[in-house]
Amino acid sequence: MNNAEMLTLIVSVLMWQKHNGTIKLYTDKIGYAFIKEYDLVNLWDGIDTETLENNDYPIDSEVFWAAGKLIALEAHATPCVMLDTDLIVLRPISHLLNSNSIVALHAESLHPDTYLNPSFLKLQVGFKFPAYYNWEALPSNTAFLYIDDDSFKTFYLNESKRFMFHNEEKPEELVSQMVFAEQRLLSICASYKEIPITHLLTDPFTLSNDTVIHLWGFKNLLRQSKSVQTIYCRQLIKTVSNDLATNSFFQHYLEKQLPWE
Amino acid sequence: MNITSDFGKANTQIVPNRMQHYIFAFVQDSINHPDNLDVNKKWLKGYCEVENINYSELEFNLNLFFELLSDYSKSKTHILYSFIKLQAQYCFIDEERFHLLRIAPYLYEFAYEIQHASASSQENIILTSSGSSGIVGGHLLGL
C-alpha cells in the first residue's frame, strides 16, 4: 500500500471518529500483521480478526474478492455503516442515516460490460435466479452502505451467499461476478422488499458533493505515479488539517511519513 | 512537522510578478529544451536567493511539476491534466501563464472512464475513474 492509500485509510478512520462515531476494523491475520507493521493498531476503536479467520464459507476469494466485506457485515449488528478504506466522510451524516433504512454511496448505471445480462453470469450447477428479481433496478455503489434493519440485511446477505457459494466457474474477468453479488443484489433485494435506497451522492462526480472523498478508480493512477501520490497527500492534508489539527495520532503519522523528510 | 505548518496551508510565499515571469520562462525553456534544466536551476537558485524566496520548496514543487508532465506525456488523461494545472499554482504559474505553456489537451472522454469505474477496487482492474478530477470529491481537494 502506498503512502497515499495509507493516508486515506487513516484519514477515513479519524474523520469518521471525529464526526460520526466509533469504527471497527474487520480483517484477517495477514491484514492485522500489515497494520501492526505500520503501527496502526490503535487507530480503530476495535479490531476483529476472528470473524474472517474462522469463516469457512465455500466462496472463491479470487472471484469474490470483496466477500470479506459481506462476511463482516453479517457479523456486525445493525444499524451499522460499512465503509471502504478508500472512502472519507468529511462531516456528520447521522441526520441522513436516521431518516432512511438503506443508504449507499451512489447509484450506478447498468453498463453491460460491468453488470452483465444475467444469462452471462457464472452460476453454480442447478442455480436459478428467483422470478421476483427486478433486473431494471440500478445497482448501488457500496463503498458506503448503511442498513438499519437486521431482517433486510439478512435477506440481502442470504441472496448474496446463495449466489457466491460453490460458484466455482472462473469468469474471463474479475469484476462482474463480485459487483453483482454485492452491489446489484443490494438494489434487487431492496426493490423486492420495497425499501427505497437513499444515496449520499446523486452521481459520483457531482460538484454539489461536500461530504465524501472516494478514491475508487483513482487508486490505479496513484499506484503508477509517485508525483501524483505526493500531490494528493498534500491536498488531502490541507483539506482535513483544521479537523485533525489536534489529533495526536495524525500528527505522529505525518511526522514519520512526510515525503521530503 | 506540525500539520498546522506551511504544508497544511496554501502556498504562503509572496513572489513578486517579475519573479513569476522568470519562473514561467524557466519552465517554458526547460520544457522546450530539457538539456538546459540543470543550468536553468542554477540561475533560478541564484535569483531566489536575491529575492529571498525559498528555493528548496520551489525546486521540490517544480520537480513534481516536471514529473507530472512526464507522466502526462505517456497518458493524456483529464485527471493528470488537473494535477498539472494544480501543481503549476505551487510553482507560481497562474492560469493565464499556464495556458501559454500549451500543454496538449487530454484525450480520454469522461463518460467512457466513469462507465468502467464500478469495480475499480479490484487489484487487476486497469480502467480508471476520471471525471472532473477522477476522484469522487476531488473538487474538495482543490482538483
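K.L.:
Hey, could you run me through unusual backbone geometry in this one?
P.N.:
Both trends apply: most residues other than glycine have a negative phi, and most peptide bonds are in trans. Between T78 of chain A and P79 of chain A the backbone carries a cis peptide bond, its omega angle lying at -5°. Considering the arrangement of structural elements, one finds P79 of chain A in the loop between α4 (67-75) and β3 (80-83). Of note in the backbone geometry, E194 of chain A takes a positive phi value of approximately 60° without being a glycine. Mapped onto the secondary structure, E194 of chain A falls in the loop between α7 (176-193) and β7 (197-199). Residue E194 of chain A is classed as exposed on the basis of its 6 C-beta neighbours within 10 Å. Positive phi outside glycine occurs at R102 of chain B, with the angle close to 55°. With respect to the helices and strands, the residue R102 of chain B is situated in the loop between α5 (95-100) and α6 (110-115). With 9 C-beta atoms counted inside 10 Å, the residue R102 of chain B sits in the exposed group.

K.L.:
Whenever I open this one, the packing of helix α9 (residues 226-244) of chain A against helix α3 (residues 55-74) of chain B confuses me. Can you help?
P.N.:
Two measures define how a pair of helices packs: the angle their axes make with one another and the distance between the axes. Here α9 of chain A crosses α3 of chain B at 130°, and the two axes come no closer than 9 Å. Comparing the axis directions of α9 of chain A and α3 of chain B gives the class oblique. Where α9 of chain A crosses over α3 of chain B, the two elements pack in a sense that is left-handed. Contact residues: S227, T230 and I231 of chain A in α9 of chain A; L64, E67, L68 and D71 of chain B in α3 of chain B. Each residue belonging to the contact of α9 of chain A with α3 of chain B can be placed in one class, and the counts come to 3 nonpolar, 2 polar and 2 charged.

K.L.:
What am I meant to see in the packing of helix α1 (residues 3-19) of chain A against α9 of chain A here?
P.N.:
Residues and elements named next belong to chain A. Axis separation between α1 and α9 bottoms out at 10 Å; the angle between their running directions is 15°. Taken together, the axes of α1 and α9 lie roughly parallel to each other. For the crossing formed where α1 meets α9, the hand is left-handed. In contact with N3, A4, L7, T8, V11, L14, M15 and K18 of α1, α9 contributes Q229, Y232, C233, L236, V240, D243 and L244. Classifying every residue of the contact of α1 with α9 gives 10 nonpolar, 3 polar and 2 charged.

K.L.:
What is the right way to read the confidence of the model for chain B from this model?
P.N.:
A low pLDDT means the predicted coordinates there should not be read in detail. Residues and elements named next belong to chain B. For chain B, per-residue confidence averages 78 on the pLDDT scale, and residues scoring 70 or more make up 73% of the total. Mean pLDDT in chain B bottoms out at α6, which sits at 43, and peaks at α3, which reaches 94. pLDDT under 50 marks residues 1-10. Its contacts with residues more than four places away, or in other chains, come to 23 contacts. Counting interchain partners and residues more than four positions distant, the pLDDT-below-50 stretch residues 109-133 has 68 contacts. Confidence estimates for the predicted assembly give a pTM of 0.89 and an ipTM of 0.90.

What counts, and at which threshold
- Residues numbered from 1 in each chain as written.
- Chains lettered and ligands numbered in written order.
- Predicted model: local features only at pLDDT ≥ 70, side-chain atom pairs only at ≥ 80, totals over all residues.
- Helix = DSSP H or I, 4+ residues; strand = E, 2+ residues; numbered from the N terminus.
- Buried ≥ 20, exposed ≤ 12 C-beta atoms within 10 Å, placed from the backbone.
- Axes fitted to C-alpha atoms, helices over the stretch in contact; angles between N-to-C directions.
- Parallel < 35°, antiparallel > 145°, perpendicular 65-115°, else oblique.
- Left-handed = near helix turned anticlockwise from the far one by under 90°.
- Contact = placed C-beta atoms within 7 Å.
- Nonpolar A, V, L, I, M, F, W, Y, C, P; charged D, E, K, R; others polar.
- pLDDT = per-residue confidence, 0-100.

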